[in-house]
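# Commentary on secondary and tertiary structure
Letter by letter, the chains look like this.
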Amino acid sequence: MNEPLTSDALKPQITGVPGRPPLVLASASPRRLALLQQVGIEPDALLPADIDETPRKSESPRDLARRLAREKLEAARAAARRRDELREAYLVSADTVVAVGRRVLPKAELLDEAADCLRLLSGRAHRVYTAVCILSPKDRRRERMVETRVRFKRLSNREIEGYLSSGEWRGKAGGYAIQGLAAAFAVKLVGSHSAVVGLPLYETMSLLEGEGFPVRAAWGAAV
């Protein structure tokens, strides 16, 4: 459910947050960045990975999300460990896949793709799989898979056309953004709202804290 940040925003500058080890977000998604910031975690660098996200033959949506999150993590690990200031960093990666049954919906880039997605999702339930991986400074990897069920109302042609005209669908898995206008389409959501947006916050915080990252280090400053 994400589109990439601009090239200027992706410059891997180190913020040097005092009182905690560095953290790298292996993503170009502005929504994943905003979600981390929402819970008081400001990444020290952004190291998005350029990987082939094409599903493999007979690969399930769940396995696809897990594999892509791992590949993003490994690509970021290779880049981070080459930089002195990031060699002891924690890394976070994630991938989100929208599916109807075993059918994986694309990250829509064309109007026709988005229209096909919306017509398929109209009046029915679908599942959103988000895998999150973290890597500790000791190269210990931990991961979680979060499955969320979402049901859309039956969409009229007018609603579909209106949403397509907004352009919000571009680059989003399944052709919609639950955090935007498409929230009006969701009749029911069972699971994690933040996972549908792109990063399950409860699971991400739990994984980081389990590996010793001070997840609430900046909370006092936010009050």
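Named according to an unreviewed UniProt entry, the chain is dTTP/UTP pyrophosphatase originating from Methylorubrum thiocyanatum. Recorded under Sequence similarities (unreviewed entry), the UniProt text for the chain is reproduced unchanged: "Belongs to the Maf family. YhdE subfamily." The UniProt entry for the chain carries the following text under Function (unreviewed entry): "Nucleoside triphosphate pyrophosphatase that hydrolyzes dTTP and UTP. May have a dual role in cell division arrest and in preventing the incorporation of modified nucleotides into cellular nucleic acids."

What follows is about the overall build of the chain. In terms of regular secondary structure, the chain is built from seven helices and seven strands. Secondary structure elements of the chain occur, N-terminal to C-terminal, as β-α-β-α-β-β-α-β-β-α-β-α-α-α. By the compact-globule yardstick of 17 Å for 223 residues, the chain fits well, its C-alpha radius of gyration being 18 Å. The principal-axis extent of the C-alpha atoms belonging to the chain is close to 55 × 45 × 30 Å.

Let's shift gears to the pairing of strand E6 (residues 141-152). Direction of pairing for strand E5 (residues 125-135) relative to E6: antiparallel, over a ladder of eleven bridges. Across the sheet, Leu 135 pairs through a bridge with Arg 141, a residue of E6. Taken together, E5 and the strand that follows it, E6, pair antiparallel across an intervening segment of five residues, in which Asp 139 is found at a positive phi of about 60°.

Under the UniProt annotation, the feature "site: Important for substrate specificity" (unreviewed entry) is placed at Arg 31, Thr 96 and Gln 179. Considering the C-alpha atoms alone, the annotated residues occupy 149 residues of sequence yet fold into one spot, their largest mutual distance being 14.2 Å. Assignment of secondary structure puts Thr 96 in strand E3 (residues 90-100). Exposure remark for Thr 96: the relative accessible area of 3% places this residue in the buried category. The residues contacting Thr 96, other than those within four sequence positions of it, are Arg 32, Lys 107, Val 128, Tyr 129, Thr 130, Ala 173, Ala 195, Val 196 and Gly 198. Separated by 3.3 Å, the side chains of Thr 96 and Arg 32 make a polar contact.

Right, let's talk about unusual backbone geometry for a bit. Non-glycine residue Ser 58 carries a positive phi angle of around 65°. Tracing the chain through its elements places Ser 58 in the loop between strand E2 (45-46) and helix H2 (61-80). Judged by its relative accessible area of 64%, Ser 58 is exposed. Even without being a glycine, Asp 139 presents a positive backbone phi close to 60°. Residue Asp 139 is classed as partly exposed on the basis of its relative accessible area, which comes to 41%.

On to the pattern of salt bridges, then. Where side chains of opposite charge bring their charged atoms close, a pairing between them can arise. Enumeration over the complete set of coordinates arrives at 21 salt bridges. For Arg 67, the salt bridge is made with Glu 71, and the minimal N-O distance between the two is 3.1 Å. Taken together, the residues Arg 67 and Glu 71, both in helix H2 and four residues apart, mark about one turn of the helix. Overall, the relative accessible area of 12% leaves Arg 67 in the buried class. A relative accessible area of 26% means that Glu 71 is categorised as partly exposed. Through salt bridges with shared partners, a single ionic network connects Asp 63, Arg 66, Arg 70, Arg 141 and Glu 143.

Quick look at helix H6 (residues 201-210) now. If you check which residues of H6 are buried, you get Leu 201, Glu 203, Thr 204, Met 205, Leu 207 and Leu 208. At the C-terminal side of H6, Gly 212 shows a positive phi close to 95°.

This prediction gives the chain a mean pLDDT of 91; 90% of its residues lie at or above 70. Taken as a whole, residues 5-15 scores under 50 in pLDDT and shows 23 contacts with residues more than four places along the chain or in a different chain.

On the surface, Arg 149, Arg 151, Arg 154 and Lys 188 cluster together into a positively charged patch. Within the secondary structure, Arg 149 sits in strand E6.

Rules behind the numbers
Residues numbered from 1 in each chain as written. Predicted model: local features only at pLDDT ≥ 70, side-chain atom pairs only at ≥ 80, totals over all residues. Heavy atoms only, no water. UniProt positions renumbered as here; feature names shortened; annotations may be inferred. Helix = DSSP H or I, 4+ residues; strand = E, 2+ residues; numbered from the N terminus. Rg over C-alpha atoms; globule rule 2.2 N^0.38 Å. Pairing = 2+ DSSP bridges. Buried < 20%, exposed > 50% of the residue type's maximum accessible area, 1.4 Å probe, protein only. Contact = heavy atoms within 4.5 Å. Polar contact = N/O pair within 3.5 Å; in protein donor to acceptor, adjacent residues only side chain to side chain. Salt bridge = Lys/Arg side-chain N within 4 Å of Asp/Glu carboxyl O. pLDDT = per-residue confidence, 0-100. Patch = residues over 30% accessible without salt bridge, like charges linked within 9 Å, V, L, I, M, F, W, Y side chains within 5 Å. Areas by Shrake-Rupley, 256 points an atom, 1.4 Å probe, with all protein chains shown as cover. Lys, Arg positive; Asp, Glu negative; His and termini not counted. Charge placed at Lys NZ, Arg CZ, Asp CG, Glu CD.

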